[in-house]
Amino acid sequence: MARAGLTTERVVRAGADLADEIGFENVTVSALARQFGVKDASMYTHVKNVRELRQRIALLASGEMIDRIAAAVAGRAGKDALVAFADAYRAYALERPGRYRATHTQLDPALVAGTTSYRRTAEVTADVTYGMLRGYGLSEPDLTDAVRLLRSTFHGYCNLEAIGGFGASRAVETSWRHALDALHVALENWPRAEDEDLG
C-alpha cells in the first residue's frame, strides 16, 4: 500500500529529509525503505543503489540552496548582495544540515550528464555568484580567487557554528557580521592579477 505512491522524486525528497534528521552519511536505501514501510527491493525501482540515492539528494540540495541564495540576492548589488548571499548560505547550512553536507558531494558525471536540473543549478550558481562579484569590478582570474575565498569562509564558519566550535563568549552573530564587513573590504580592495603581472 505504501509502495503505490512511490516515485523517484518522492524517494529523493524523503532521503533529503532523512539526511537532515540523521546525517547525510547515515542515509541508506534500507533506512529509507523503513521510512516508507516497504522492503528494500521496492526502492530499487527508483534508485539503483545508495550511491545514486546520495547523488540525487546532492542534486536536489544544490538546487534548493542556490534558489534560496538567488532569491535573496535579486535586485541587490555590492555589499547588500554580498550580505544577502552570505546570510542565505548560512541559513540553509544551519537549517538543513544533511542537505548542506550533500552539496559537497563529488557528483558522478555519468549521472548528471544531460540532466536539466544539474545544468540549471550550475547556470544559476555561476550567474548569481559571479554576478555578485562582478559588482566589485572583478574579472578572471580574480573572480575564481574571490569565489574560493568566499566559499571557504562561509563553509568553514557554518561548519564550526554547527558543531558549537566557537567557544568564546562573544556572540557568534556579531562575529559573522564583522566577517562580512571584512570580506566586503577585501573585495573592494582586491589585489588584481594584472597588478601582479606588472610587478
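Above this text is the structure in question.
The rules behind these values
- Residues numbered from 1 in each chain as written.
- Predicted model: local features only at pLDDT ≥ 70, side-chain atom pairs only at ≥ 80, totals over all residues.
- Heavy atoms only, no water.
- Helix = DSSP H or I, 4+ residues; strand = E, 2+ residues; numbered from the N terminus.
- Buried < 20%, exposed > 50% of the residue type's maximum accessible area, 1.4 Å probe, protein only.
- Contact = heavy atoms within 4.5 Å.
- Expected span 1.5 Å × (residues − 1).
- Arc of directions from axis to C-beta.
- Salt bridge = Lys/Arg side-chain N within 4 Å of Asp/Glu carboxyl O.
- Polar contact = N/O pair within 3.5 Å; in protein donor to acceptor, adjacent residues only side chain to side chain.
- Phe/Tyr/Trp six-rings, centres within 6.5 Å; stacked < 30°, edge-to-face > 60°.

Looking now at the overall build of the protein. When you go through the protein residue by residue, the secondary structure sums to eleven helices and zero strands. Put simply, the protein runs from its N terminus to its C terminus through helices and strands in the order α-α-α-α-α-α-α-α-α-α-α. Taking the principal axes of the C-alpha coordinates as reference, the protein spans close to 65 × 45 × 30 Å. Relative to its full complement of 199 residues, the protein shows a buried share of 38%. Long-range pairs, those at least 24 residues apart, make up 70% of the contacts in the protein with a sequence separation of at least 6.

In this model helix H10 (residues 172-188) runs 24 Å from its N-terminal to its C-terminal C-alpha over 17 residues, within 8% of the 24 Å that 1.5 Å per residue would give. Among all positions of H10, only Trp176, Leu180, Leu183, His184 and Leu187 are buried. Projected down its long axis, H10 shows its buried positions confined to an angular sector of 100°, all on one face. Each element contacted by the buried residues of H10 is listed here: helix H5 (78-95), helix H8 (116-134) and helix H9 (142-162).

This part takes up helix H2 (residues 29-36). The set of residues buried in H2 consists of Val29, Ala31, Leu32, Ala33 and Phe36. Phi for Gly37, located one or two positions after H2, is positive at around 70°.

Time to look at the pattern of salt bridges. For the structure on display, the rule yields 16 salt bridges. The residue Glu173 makes a salt bridge to Arg90 at a minimum N-O spacing of 2.7 Å. Of this pair, Glu173 sits in helix H10 while Arg90 sits in helix H5, placing them 83 residues apart in sequence. The class of Glu173 is partly exposed, set by a relative accessible area of 35%. One salt bridge in this structure joins Arg177 and Glu173, with 2.8 Å as the shortest N-O distance. One end of the pair, Arg177, and the other, Glu173, are both in helix H10, four residues apart, so they sit about a helical turn from each other.

Assessed through its relative accessible area of 8%, Arg90 is described here as buried. One polar contact links Arg90 to Glu161, side chain to side chain, over a distance of 2.9 Å. Those residues in contact with Arg90 that sit more than four places away from it in its chain are Cys158, Glu161, Val172, Glu173, Trp176 and Arg177.

So, about unusual backbone geometry. Between Glu140 and the following residue, Pro141, the backbone shows a cis peptide bond with an omega angle of 5°. You can see Pro141 is positioned in the loop between H8 and H9.

Topologically, Arg56 is positioned in helix H4 (residues 50-73). According to the relative accessible area criterion, Arg56 is partly exposed, its value standing at 29%. Residues Arg56 and Gly78, spaced 22 residues apart in sequence, show a C-alpha to C-alpha distance of 34 Å. With residues near it in sequence (within four places) discarded, Arg56 still touches Thr8, Val12, Val47 and Leu111. Looking at Arg56, its side chain comes within polar contact range of the side chain of Glu52, at 2.7 Å.

Before going further, it helps to spend a moment on the packing of aromatic side chains. The full count for this structure, using the stated rule, is six aromatic pairs. Centroid distance Phe85 to Phe154: 6.2 Å. Interplanar angle 35°. Geometry classified as tilted. Here Phe154 lies in helix H9 and Phe85 lies in helix H5, a separation of 69 residues in the sequence. Judged by relative accessible area, Phe154 falls into the buried class, the value being 1%. Where Phe154 meets Trp176, the ring centres are 5.9 Å apart and the plane angle is 50°; that geometry is what we call tilted. Within this pair, whereas Phe154 is found in helix H9, its partner Trp176 is found in helix H10, the two being separated by 22 residues in sequence.

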